[in-house]
Amino acid sequence: MATSTRASLDHTPSENEHGYVTSSPQSLSKAVHARRAEYTRKKNIKIKIGSWNVAACPGTERDLEAWFVDGKGVDEYLSGVTISDGLDNGGRDGVESVGAQEARANKKESTVPRGDKGILPSMDEIGLYILGLQEVVDLNRTIPYVDRSTDRGTTTKWRKAMSDALPKDYVQIAEQQLSGMLLLIFASPEVAPTISSVSSASIGTGTMGYLGNKGAVVTRMVLGETTRMVFVNSHLASGSEPVHLDRRCWDITQILQRVKFEPISWGGVWDDASEKIGDEDFAFWFGDLNFRLDGLPGDDIRRLLLLHTRGEYDVGQKSRVKIEEELAQNDHPIVIHNVESDEDDASGEEEVQRRKKNSPDEPSERSSSDLPDPDDFVQDPSQDPASLQATLDSLLPHDQLKRMQRQKKAFHDGWREGDIQHLPSYKYDIGSVGMFDSSEKKRAPSWCDRILFRTRKNQHDYELKKQEEDEAREKDEKMKSQGLDHAGDEEDVLFDYNPEEDGLGESSTTSNDDYDEYDDDGDAGNVETITTKEGYEDSIEQLYYTSHQRVLSSDHKPLDSVFSVDYDAIVPELKAKVQQEVARDLDRAENERRPGITIIVDPSQDTDAPPNSPSTEGSTGVDFGNVAYFQRKSRSLTIANTGQVPASFSLVNRPTAAGEGDAIAPPWLSVYFVDYVSEDEKSIPRVSNKEVTLEPGDAVTVTLEVFVEDIPLVQSLNPETALLDDVLVLRVTGGRDHFLPIRGSWLQSCFGRSIDELIRVPEGGVRSLMPSGPGNRGQSVCWSTPRELFKLTEAVEALTERVIADAYMIDSARIPLESAGWPFDSNAWLLEDAAARESRKGYIIEALDSDQPLNESFPPEIPAIEKLEITAEVLLMFLNSLTDGIVPEHLWAKLEADINTRTAHPLTDPEEVKTWVLDVLSTSPNHNISFVFLTSMLARVAAELAPVPKYSWRGQGVRSARSSMETVRRSLSWKGRVAAPTIERGEDPAVVRRVGVEGGFLGVWRDVIFRGAANGVGVKERERREMVLRPFLRA
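No experiment lies behind these values; they were computed from the predicted model shown.

1. A few points about the overall build of the chain
A tally of regular secondary structure across the chain gives 26 helices and 28 strands. The proportion of buried residues among the 1035 residues of the chain is 50%. The long-range share in the chain, meaning contacts at least 24 apart out of those at least 6 apart in sequence, stands at 74%. With an accessible surface of roughly 48,700 Å², the chain has 49% of that area assigned to carbon and sulfur atoms.

See the structure below:
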């Protein structure tokens, strides 16, 4: 069985692996419960339980108000002489006679006698009205019990009758119907708000053990948030044969096993498991239980009881005559004998003995001088052989319910019943006060309708006694198996005791019945104090238990009982106050025992960062301020363990963009934990997704670094379709999560744009194109080619001249002439330090974006050759970042189409090739001009790095041009890999060097300048690109 929240009140919360107590609904509930005395107050409630089998008779609902709510219809003689003790609301004068009442029984009005003022607690004296009805529909028909659903019309009729009968503002708490069984519960306006966790169930045990002609309707409720109560309205199997008795016991077992209630909610905290009958503090079982009288002829029972009921009628009245005639027909003596052994008979007489024990005229050991005056002595009716109570006491030992309890077959586990002082409730002629069934069947009277109750203490006492008996039985069986039960047969003993031979046999026959399982506390009217399941002290007292003999509309007489219950009720306002205090104390204690860290964002040293002071707990997050392309910015955090226990924490992986998997941060943000080694105070960066553990008082530094280098991200940041905004999640094991906002303000960049955008950038550079900027800046064309391209190409030319001059003047200055593609080929770069290259690229990129002179962007100590390499690399980066390229895909497609059409007559003269290419590019003037700027720069750089004397160049010019055109021709009729042009023997070395430089440049620039299909560039297409580009590299 799952552990419920409330059941855990006696369980000490365990500490987890870190040694701190966790706050939970269970621990809070236990702590609040421990202070229950502060928010509970004693209250008293009277609970009236009524049961009536209405036998589907019409008009029975008209009697409901009179007998159940107003307490009318009780015949003091036939219902017990003590019924009005302390309860009488007035005299009986003026009450309609029995004869007059029966004479008008068939009229459409209440059958309760006129003038009856009621002698029982009624109206608003009662806090809970519990009404159990049976046979509200005709069970002789098939449909009512085959169909287990509610008969809405019948339910509505009885609900209205109940509601109309009760005082104003009484509230319906529960309603449950199963075929002919109906359970209605109403509460006073003071009690209703204190009722919670109402759960009802229907159990059919009739035909096939399932249908609803027999069974029970059950409701569980919690009163005052402290006391569980269960009410069972049942209709058990009918019949007087032994098989019917067994079926009734089976019905009871089925109801007990199959009833399941919903879990209880205690102030919003739900129990883990459902409940059943047996988990409550008070249970009440009532209804037509159909137990009969065994061992007596039905005619004798009828005659014996009719002797008492005839006195209710005046001589000559119809019912009196009818009774006299029946008594006259059978004038033989009535003998009441035992249905079982003397032992059972003695056990069955215990109610009589209990009543005698408490009787005022019971003899005692006091002297005669201490006895009261005989005139003042109140005669106990049970001592008068002619009294009704003596007759009832003679019949009760034959009651099947009492016998089943003694034999432990039904209701033996703590169930109790008040003293029966009323006539059997079944079966009467309808419209009659005291005429038992006069039909041909002449059914024997019996107490079919009963009200039983049980407390948690009653059930516990039974279970304890049963456990003791089981242990004693096991011990006896063990002794028998070991032969110890006859161990003393052959030994000398002082005496051999035999109860029968020693004259105590008579006493021994009753010794087994000294303990009464269903009435351990003696008289059911005594106040009984119990401890509820929740640990509260409650008490219960049955005030009365009687039938309403003068209700005539059914063949069953209704009966009811009132219980007075003192219980601890929770005062919601006081409990809320205690809960707040307990929650605050638990939270404080838990926080002291749980790992806790404090995050401090260190102030930034950047001039453009927000002027924030150090923020605790990252309340404002980390603001990197302005973030530019290819510019690293870092901020530091200090994470300190400010708790009292070791704290382990790590950054949480979260989903990122599609296909990138989970990561602790977006690609533009890096996070490092920095450990300090005490020996030399060196800092060592640690992988950011590993767990870090700090002892109390220790701290660790975290470095956050933002770096945007991804061109697709730049293309999203420029138009603000993406933002530098994220939240890091720092998870403390066993503690709370910390959320650290990260943000940065993106500075516009010339990278990742198109030529068409760049030619519209005004003076001041791309930073003036902020989306939030004023006016329509960036809408009109300002330049024929991007200024950034002009600046970069101009800077490359100037730096090339400077590097060559340094090489002539400075011995240490060396140009890598052996690398034909330098300074554009990355494999030939002299500066190999990646960090140095990155920082120096940042200088020139920042100058481009902010429209500053490039020659002033580098620190003066950087050598010219490094500046040239960096500028060349930035130029390549810039061109690769263009969204359209120098020669867009559509223009290259047009060039390729022209090449294919000229296959038969290809162009051979370089000038003709240049004219043709520029003619095609002229359809896009800005791209055309950009192409000319770039190729012109390449030609001049090549001329600077590999100059060719004019005479040598003219001598080799024709052969070189023809060789180039031959290469083009072979490429146009490509049938395999084309070998590179070879240098014939005797050619000028300068020319050879120049051709090599041009080839190196072609290898770098062919895929930068021309944009092709997305599926890649093949060998044949590369050769065509080189053919188109080569003439432009010849200055």
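Once you've had a look at it, read on.
2. Some remarks on helix α25 (residues 989–1009)
Taking 1.5 Å of rise per residue, the 21 residues of α25 would be expected to cover 30 Å, and the 29 Å separating its terminal C-alpha atoms lies within 8% of that figure. If you check the start of α25, you find a side-chain oxygen 3.0 Å away from the backbone N of Ala-990, and it comes from Asp-988.

3. Remarks on the environment of Trp-447
Take Trp-447: it is sitting in the loop between β11 (416–417) and β12 (449–455). A sequence separation of 110 residues divides Trp-447 from Lys-557, and the C-alpha atoms of the two residues are 10.0 Å apart. In this structure Trp-447 touches Phe-291, Leu-293, Leu-392, Leu-395, Leu-396, Ile-420, His-422, Leu-423, Pro-424 and Ser-425, once residues within four positions along its chain are discounted. At 3.0 Å, the side chain of Trp-447 forms a polar contact with the backbone oxygen of His-422. In this structure the side chain of Trp-447 is engaged in a polar contact, spanning 3.4 Å, whose partner is the backbone oxygen of Leu-423.

4. Notes on the packing of helix α22 (residues 910–921) against helix α23 (residues 925–945)
Where α22 contacts α23, the two axes come as close as 8 Å, and the packing angle between them is 145°. Only Pro-925, Asn-928, Phe-931 and Val-932 of α23 make contact with α22, whose side of the interface consists of Val-917, Leu-918 and Leu-921. Within the contact of α22 with α23, the residues separate by chemical class into six nonpolar, one polar and no charged.

5. A word on a negative patch on the surface
There is a patch of like negative charges on the surface, built from Glu-468, Glu-471, Glu-474, Asp-476 and Glu-477. Residue position: Glu-471 is located in helix α13 (residues 456–481). Exposure remark for Glu-471: the relative accessible area of 46% places this residue in the partly exposed category.

6. Observations regarding the packing of aromatic side chains
Following the criterion strictly, the structure yields 22 aromatic pairs and no others. With a centroid separation of 5.3 Å and 10° between ring planes, the pair formed by Phe-231 and Phe-284 is classed as stacked. Placement of Phe-231 in strand β7 (residues 227–235) and of Phe-284 in strand β10 (residues 282–288) is noted, with a sequence separation of 53 residues between them. For Phe-231, a relative accessible area of 0% corresponds to the buried category. Judged by relative accessible area, which is 0%, Phe-284 ranks as buried. When the ring of Trp-285 is compared with that of Trp-415, the centres are 5.7 Å apart and the planes differ by 90°; the resulting orientation is edge-to-face. With Trp-285 in strand β10 and Trp-415 in the loop between α12 (400–406) and β11, the pair connects residues that are 130 residues apart, well separated along the chain. Each member of the pair, Trp-285 as well as Trp-415, is classed as buried.

7. Here's the deal with the packing of helix α19 (residues 834–849) against helix α20 (residues 864–881)
Interaxial distance between α19 and α20 falls to 10 Å at its minimum, and their mutual angle equals 65°. Judged by the sense of rotation from one axis to the other, the crossing of α19 with α20 is right-handed. Each of Arg-837, Arg-840, Lys-841, Ile-844, Ile-845 and Leu-848 in α19 lies in contact with α20, whose residues at this interface are Glu-866, Glu-869, Ile-870, Thr-871, Glu-873, Val-874 and Met-877. For the contact of α19 with α20, the per-class residue count stands at six nonpolar, one polar and six charged.

8. Focus on the sheet that holds β7
Pairing is mixed in the open sheet, where six strands are placed in the order β5-β6-β7-β10-β12-β11. Strands with a single pairing partner mark the edges of an open sheet, and in this sheet they are β5 (195–204) and β11. By the bridge criterion, nine bridges tie strand β6 (residues 215–223) to β7 in an arrangement that is antiparallel. Each bridged residue has a counterpart across the sheet, and for Val-217 the counterpart in β7 is Asn-233.

Criteria and thresholds
Residues numbered from 1 in each chain as written. Predicted model: local features only at pLDDT ≥ 70, side-chain atom pairs only at ≥ 80, totals over all residues. Heavy atoms only, no water. Helix = DSSP H or I, 4+ residues; strand = E, 2+ residues; numbered from the N terminus. Buried < 20%, exposed > 50% of the residue type's maximum accessible area, 1.4 Å probe, protein only. Contact = heavy atoms within 4.5 Å. Areas by Shrake-Rupley, 256 points an atom, 1.4 Å probe, with all protein chains shown as cover. Expected span 1.5 Å × (residues − 1). Polar contact = N/O pair within 3.5 Å; in protein donor to acceptor, adjacent residues only side chain to side chain. Axes fitted to C-alpha atoms, helices over the stretch in contact; angles between N-to-C directions. Nonpolar A, V, L, I, M, F, W, Y, C, P; charged D, E, K, R; others polar. Patch = residues over 30% accessible without salt bridge, like charges linked within 9 Å, V, L, I, M, F, W, Y side chains within 5 Å. Salt bridge = Lys/Arg side-chain N within 4 Å of Asp/Glu carboxyl O. Lys, Arg positive; Asp, Glu negative; His and termini not counted. Charge placed at Lys NZ, Arg CZ, Asp CG, Glu CD. Phe/Tyr/Trp six-rings, centres within 6.5 Å; stacked < 30°, edge-to-face > 60°. Left-handed = near helix turned anticlockwise from the far one by under 90°. Pairing = 2+ DSSP bridges.

Purely spatial values, then, with no claim about function.
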